[in-house]
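# Chains, contacts and geometry: an overview
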Number of protein chains: 2
Amino acid sequence: MSTRRATISDVAREAGVSPSTASVVFSGKTPVTDATRRRVLDAASALGYTGPDPRAASLRRGRSGIVGVVFEEHLGTAFLDPVKTLMMDGLSEAVSPLGAGLLLLRDHDPTESGTAASLTTAPLDAAVLIGCSGHLRESLDAVKARGIPVVVVEGDAGDDIPRIVLDNREAQRQAASHLRALGHRRVAVLTLPARAGWQAGWLLDGTAVTIDVTRERLAGALEVYPDAPVYAAAGSFIDEGLAAGRVLLADPSHRPTAVIAQSDLLAAGVIRAAEEAGLRVPEDVSVTGFDGIVVDGLAPYELTTLVQPAAAKGRAAGQAVAAMLEGSDAASIRFTCEFREGNTTAAPRPA
Amino acid sequence: MSTRRATISDVAREAGVSPSTASVVFSGKTPVTDATRRRVLDAASALGYTGPDPRAASLRRGRSGIVGVVFEEHLGTAFLDPVKTLMMDGLSEAVSPLGAGLLLLRDHDPTESGTAASLTTAPLDAAVLIGCSGHLRESLDAVKARGIPVVVVEGDAGDDIPRIVLDNREAQRQAASHLRALGHRRVAVLTLPARAGWQAGWLLDGTAVTIDVTRERLAGALEVYPDAPVYAAAGSFIDEGLAAGRVLLADPSHRPTAVIAQSDLLAAGVIRAAEEAGLRVPEDVSVTGFDGIVVDGLAPYELTTLVQPAAAKGRAAGQAVAAMLEGSDAASIRFTCEFREGNTTAAPRPA
DNA sequence: TTGTAAGCGTTATCAG
DNA sequence: CTGATAACGCTTACAA
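Residues numbered from 1 in each chain as written. Chains lettered and ligands numbered in written order. Predicted model: local features only at pLDDT ≥ 70, side-chain atom pairs only at ≥ 80, totals over all residues. Heavy atoms only, no water.

In the annotation of an unreviewed UniProt entry, chain A is listed under the name LacI family DNA-binding transcriptional regulator and assigned to Microbacterium insulae.

This is the structure:
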């Protein structure tokens, strides 16, 4: 306990074998006699040796078994989003057979001193960037410079970087078409933030939307309802949807008969706003969501929504990483959302 | 691109300095002439060298800059809990000045093959175990054997392991006392799961409660209301609270005038169940929560609850890790919850 | 301020 | 099946 920790050579010496043999006993990469194995293992436990030092092993092997996951938000914020959480789940599942773990990283944390573990100083085998917009590009450059494989989820990082994306536009158009088929003419759109740091408010024609997901889903809705009023929330939360819903449903004379929300949480908030205003869903207002997550506490409503394969996205990212680590190059993947009709949409009341 | 990556020696040679000088330019640990620094930096960019290889550096230094966070649940499940999320936030903040990042780990994943990155194979400087009950003890042994510093949050790992805990019992008693002071006599308790894998149901006297948090909070409530009926939910979700609330409030003749819920999410569900049953909160039923998180979508209710310093817990864990890494030994810390009166508790209706 | 030298603890390779 | 050898790429006393 007091002296330095035992190394594999100590164990080898104690067991009367060579270091390489001892190493092989632990890695299992080459057959070893049972007797030898036992001697080595006994020596190890006698010396309190618990296995090869991962640091040395990773230097030698050139692999650390660590995949970085880079977020552009505060970690707490990222995990507030059920879709990201599911995605992490899929990702963790997919890198696990690789023997890899996930290291949480922020793109560039302005509040922290430069000492923080980062893309540049962490022993990463690969990196997954989540939602590549804005300064995440800097992270991208850092990683590319290091020459480690990168995959981008829900973002565009240039042609040479595999990306995992959704058919946001087409999917959202499907929901809009569904509403039109039901006969809705006055429809409002409630979007996710238009850009980083966005404050909730109407999205006028000229406003630039820099967040890819928001822009694409919006485009899909506008294909069907080109003149729909558009309100952009400040984030994907029920309370944001509630606040926005109050605005959208405020004026009885201009009230939309349906609201297309860009996330299930926003949709849930709109439903609450409708209830609050004495409107019934779907009789008085139809509401569609996006994501297909389980919104805790929303029962008995079942959202009409686009179900995105969030966990599959994560898994795909993990598999892409695995492929690149093997030297093959990974293709970008575009996932398709599935339209699911719930009980929050119906034909509008006859005027 | 085709040949092997440049090393710091290559850079040094190119710059006409020694490897140690080049190293120092990157680490900044020793003063270097501006001219020298420039030469080295130029050589580096000429060779496409992006900085020291973290794997080699960590072997040499004996530090990897990685702190493992060990959960006993699926990652997706863990992050569904806002308290854990906040805790992670605090933790990540506290280890950041250390230059460390957080590696997500599961205790022992039965579904994965043995290859997964784990306590035993990941290059960890330290580990934080979350909620040490059940098999998390195995993880504990693994880490202790490796001789790396460990901290346990919300769990008991024996006297030699620093732990970060809450005054669960006292805090819960405070909420119960508040209800008694208001005049409540028929009070029901809605707890978190009694053990891993628990199905929602009544908790009878003899039932063993193996989850520390559940047991302690329950004990606090029972100090004030020893005869209260106790129902244990299957998890901390609004929908669980809703289901449990339906049971608790079902029978008008035995209906409690107040429900003590062990989490804010459960409390939110009970409130929904009350609304559903045509009862008003707090006029007909009082409800208390625990955690003090923001429950998305609960407005206009403000829970009467115990606010736990979730982020501070994470920070404390991080600081404990930092201390141990410096050689000093970290003390266990017991945090105190703050009672916060909202608008979900009031005196019971006169019978 | 810069250079020299000696590892850090493993594991891949190849020969026996 | 086992052993000798040679790196992996860097950091840090210590000396100059």
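Now that the structure is up, let's keep going.
## Side note on the overall build of chain A
Secondary structure assignment for chain A yields 12 helices and 13 strands. The globule rule puts the C-alpha radius of gyration for 351 residues at 20 Å, and the 26 Å found for chain A is more than 25% above it. On the principal axes, the C-alpha backbone points of chain A span a range of 90 × 40 × 40 Å. When burial is assessed residue by residue, chain A has 53% of its 351 residues classed as buried. When contacts within chain A are restricted to residue pairs at least 6 apart in sequence, long-range pairs at least 24 apart make up 71% of them. For chain A, the accessible surface area stands at approximately 15400 Å², while carbon and sulfur atoms represent 52% of it. If you average the places of the 34 positive and of the 42 negative side-chain charges in chain A, the two averages end up 5 Å apart. (Helix = DSSP H or I, 4+ residues; strand = E, 2+ residues; numbered from the N terminus. Rg over C-alpha atoms; globule rule 2.2 N^0.38 Å. Buried < 20%, exposed > 50% of the residue type's maximum accessible area, 1.4 Å probe, protein only. Contact = heavy atoms within 4.5 Å. Areas by Shrake-Rupley, 256 points an atom, 1.4 Å probe, with all protein chains shown as cover. Lys, Arg positive; Asp, Glu negative; His and termini not counted. Charge placed at Lys NZ, Arg CZ, Asp CG, Glu CD.)

## What about the protein's contact with DNA strand D?
The environment of DNA strand D is formed by 23 residues, the closest being A:P31, A:T36, B:I8, B:Y49 and B:R60. Taken together, the sugar and phosphate atoms account for 66% of what DNA strand D places within 4 Å of the protein. One of the side-chain nitrogen or oxygen atoms of A:T33 is found 2.6 Å away from a phosphate oxygen of DNA strand D. Here a base nitrogen of DNA strand D and a side-chain polar atom of A:R60 are 3.3 Å apart. Per-element accounting of the surface near DNA strand D gives the leading share, 4 residues, to helix α4 (residues 54–61) of chain B. Grouping the amino acids of the surface near DNA strand D by side-chain chemistry returns 9 nonpolar, 9 polar and 5 charged. (Near = heavy atom within 4 Å. Polar contact = N/O pair within 3.5 Å; in protein donor to acceptor, adjacent residues only side chain to side chain. Nonpolar A, V, L, I, M, F, W, Y, C, P; charged D, E, K, R; others polar.)

## Quick word on the pairing of strand β5 (residues 163–166) of chain A
Residues and elements named next belong to chain A. Here strand β4 (residues 150–153) pairs with β5 via 2 bridges, running parallel. For V153, the partnering residue across the bridge sits in β5 and is I164. Of the strand pairs in this sheet, β5 and strand β12 (residues 333–335) are connected by 3 bridges, and their pairing is parallel. Looking across to β12, one finds that V165 is bridged to R334. (Pairing = 2+ DSSP bridges.)

## Quick notes on the protein's contact with DNA strand C
Taken together, 24 residues sit near DNA strand C, with A:I8, A:Y49, B:S20, B:T33 and B:T36 positioned nearest. A distance of 2.5 Å separates a phosphate oxygen of DNA strand C from a polar atom in the backbone of A:I8. A distance of 3.1 Å separates a base nitrogen of DNA strand C from a polar atom in the side chain of B:R60. If you list the elements that add at least two residues to the surface near DNA strand C, you get α1 (8–15), α2 (19–27) and α4 (54–61) of chain A together with α2 (19–27) and α4 of chain B. At 4 residues, the largest contribution of residues to the surface near DNA strand C is made by α4(A). Residue composition of the surface near DNA strand C, grouped by class: 9 nonpolar, 11 polar and 4 charged.

## Some remarks on the interface of chain B and chain A
Residue-level contacts link 50 residues of chain B with 50 residues of chain A. Approximately 4100 Å² of surface area, both sides summed, lies buried where chain B meets chain A, with 58% of it carried by carbon and sulfur atoms. Joining chain B to chain A, the criterion identifies 2 salt bridges. Two residues, A:R55 and B:D125, come together in a salt bridge whose shortest N-O distance is 3.4 Å. For the pair chain B and chain A, the interface holds 16 residue pairs in polar contact (both at pLDDT 80 or more). It is α4(B) that provides the largest number of residues to the side of chain B that touches chain A, a total of 5 residues. Tallied by class, the residues present in the side of chain B that touches chain A amount to 23 nonpolar, 17 polar and 10 charged. (Buried area = accessible area lost by both parts, 1.4 Å probe. Salt bridge = Lys/Arg side-chain N within 4 Å of Asp/Glu carboxyl O.)

## Topic: the side chain of A:T85
Looking at where A:T85 falls in the secondary structure, it is placed in helix α6 (residues 82–95). In this structure the side chain of A:T85 is engaged in a polar contact, spanning 3.3 Å, whose partner is the backbone oxygen of A:F79. For A:T85, the contacting residues outside a window of four places in its chain are A:F79, B:G76, B:F79 and B:L80.

## Structural notes on the packing of aromatic side chains
Counted according to the given criterion, the structure contains 7 aromatic pairs over all chains. Geometrically, the ring pair formed by A:F71 and A:F79 is edge-to-face, given 5.7 Å between the ring centres and 70° between the ring planes. Residues A:F71 and A:F79 agree in their burial class; the two are buried. Through successive ring pairs, a cluster of aromatic residues spans A:F71, A:F79, B:F71 and B:F79. When the ring centre of A:F290 is taken as reference, the NZ or CZ atom of A:R217 above it lies at 3.7 Å. (Phe/Tyr/Trp six-rings, centres within 6.5 Å; stacked < 30°, edge-to-face > 60°. Lys NZ or Arg CZ within 6 Å of the ring centre and 35° of its normal.)

## Considering the UniProt feature "domain: HTH lacI-type" (unreviewed entry) in chain A
Annotation from UniProt places "domain: HTH lacI-type" (unreviewed entry) at residues 6–61 of chain A. What you have in residues 6–61 of chain A is 70% helix and 0% strand, and the ends, taken at the C-alpha atoms, are 21 Å apart. (UniProt positions renumbered as here; feature names shortened; annotations may be inferred.)

## Concerning the pairing of strand β3 (residues 126–130) of chain A
Residue and element names in this part refer to chain A. Of all the 5 residues making up β3, 5 are buried; the element is thus mostly covered by neighbouring parts of the structure. Residues of β3 alternate between two faces, with A126, V128 and I130 on one and A127 and L129 on the opposite face, all of them buried. In the sheet, strand β1 (residues 66–71) pairs with β3 via 4 bridges, with the strands oriented parallel. In the sheet register, V70 faces β3, and the bridge partner there is L129. Pairing geometry for β3 and β4, over 4 bridges, is parallel. Pairing of V128 across the sheet is with V151, part of β4.

## Some words on the sheet that holds β5(A)
Working definition: the strands of a sheet are paired by backbone hydrogen bonds and lie parallel or antiparallel to each other. Strand order in the open sheet formed by 12 strands is β12(A)-β5(A)-β4(A)-β3(A)-β1(A)-β2(A)-β2(B)-β1(B)-β3(B)-β4(B)-β5(B)-β12(B), and the pairing between neighbours is mixed. The two strands at the open ends of the sheet, each matched to only one other strand, are β12 of chain A together with β12 (333–335) of chain B. Here the average twist between neighbouring strands, direction ignored, is 20°. The pairing of β1(A) with strand β2 (residues 101–106) of chain A spans 6 bridges and is classified as parallel. (Axes fitted to C-alpha atoms, helices over the stretch in contact; angles between N-to-C directions.)

## A word on α2(A)
All names here are of chain A. When we look at burial in α2, the residues that qualify are A22, V24 and V25. One face of α2 carries all of its buried residues, which in axial projection span an arc of 160°. Elements in contact with the buried residues of α2: α1 and α3 (34–47). G28 occupies a position one or two residues after α2 and carries a positive phi of about 70°. (Arc of directions from axis to C-beta.)

## As for the relation of the copies chain B and chain A
Between the two copies of the chain lies a relationship made up of a rotation around an axis and a movement along it. Take chain B, turn it by 180°, move it 0.1 Å along the axis, and it overlays chain A with an RMSD of 0.1 Å. Taken together, the rotation and translation relating the two chain copies correspond to the operation of a two-fold axis. Across chain B, the rotation axis passes nearest the C-alpha of B:L103, at a separation of 2.2 Å. The residues that chain B uses at the interface reappear at the interface of chain A in 100% of cases, marking a shared surface. (Least-squares fit on C-alpha atoms with pLDDT ≥ 70 in both.)

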